[in-house]
Amino acid sequence: MGFDRKQLRVYFIAGTQDVKKGTLDEILEEALKAGITMFQFREKGTSALTGAAKKEKAITLQKLCQKYNVPFIVNDDVDLALDINADGIHVGQDDKAISQFYERAKDKIIGLSVSDFKEYDQSDLTHVDYIGVGPVYKTQSKSDAKQAGGIEMIRRMRRYDEVIPIVAIGGITEENVASLINNGADGIATISSITQSENIENSVSRYLQSFK
């Protein structure tokens, strides 16, 4: 699946560790029905699935995304992404360097996390389709999250690079998404505002309305 920056508009990220009620499969399908534009399988932490169980879950979620024609991205696990032919791979600053796997992933969407300008400057963006910038606001979803940069970080990053697609991440809510878009983000990435939503359809719909 080719990359279009519009796919970043409502970027849902989750793993089984993020689910407090129901199952990830159920939550993802609700989110897909509601109109999310991209999904990233991010299995992290002490309770995360590994090995065959992780692969099985990834394939199940991938099939759901295929049903709705939404890109399925794997976080960090390059071997898994290539094994199941995921649509893309997202890596962080401390994960495997893109140059180490790009030859095997030329047809994949490639995303990179960037938390500040120092990380941006030291990153090789040659083969990067988009950058995930954040945390914008304080977040409970990532135990290793850097200091929040606020909306000013998105504004400054857009001025710093006027071309690269940017997805804002970290503490995103239905209330602050519009201002992020107005300050240069192509989309928003969210975990808990969907996994913990009482009404996923309404939550996603309100995000999508910010792009009209």
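Quick caveat: nothing in here was measured; it's all calculated off a predicted structure.

Visitor: For the nonpolar core, give the residues involved together with the corresponding values.
Guide: Counting residues in hydrophobic clusters, the biggest one holds 58 residues, and the most contacted among them are F12, L28, I36, F39, F72, I131 and I188. Ranked by residue count, the leading element in this core is helix 1 (residues 24–34), at six residues. Excluding residues within four positions of it along the chain, F72 makes contact with F39, F41, A58, L61, Q62, C65, I84, A86, D87 and G88. Grouped together as the second largest cluster of nonpolar side chains are ten residues, L8, I73, Y130 and I191 included.

Visitor: So what's going on with the packing of aromatic side chains? Which residues, and what values?
Guide: The geometry of an aromatic ring pair comes down to the distance between the two centres and the angle between the two planes. For the coordinates displayed, the defined rule picks out seven aromatic pairs. Summarising the aromatic geometry, the rings of F3 and Y130 are spaced 6.1 Å apart at their centres and angled 25° between planes, so their arrangement reads as stacked. Pair noted here: F3 is in the segment before strand 1 (10–14) and Y130 is in strand 6 (residues 130–133), with a separation of 127 residues, a long-range link. With a centroid separation of 6.5 Å and 25° between ring planes, the pair formed by F41 and F72 is classed as stacked. Placement of F41 in strand 2 (residues 38–41) and of F72 in strand 3 (residues 72–75) is noted, with a sequence separation of 31 residues between them. The pair F41 / F72 is uniform in exposure class, with both members buried. Three or more aromatic residues link up through ring pairs in this structure, and these residues are F12, F39, F41 and F72.

What counts and how
- Residues numbered from 1 in each chain as written.
- Predicted model: local features only at pLDDT ≥ 70, side-chain atom pairs only at ≥ 80, totals over all residues.
- Heavy atoms only, no water.
- Core = buried A, V, L, I, M, F, W, Y, C linked by side-chain atoms within 4.5 Å.
- Buried < 20%, exposed > 50% of the residue type's maximum accessible area, 1.4 Å probe, protein only.
- Helix = DSSP H or I, 4+ residues; strand = E, 2+ residues; numbered from the N terminus.
- Contact = heavy atoms within 4.5 Å.
- Phe/Tyr/Trp six-rings, centres within 6.5 Å; stacked < 30°, edge-to-face > 60°.

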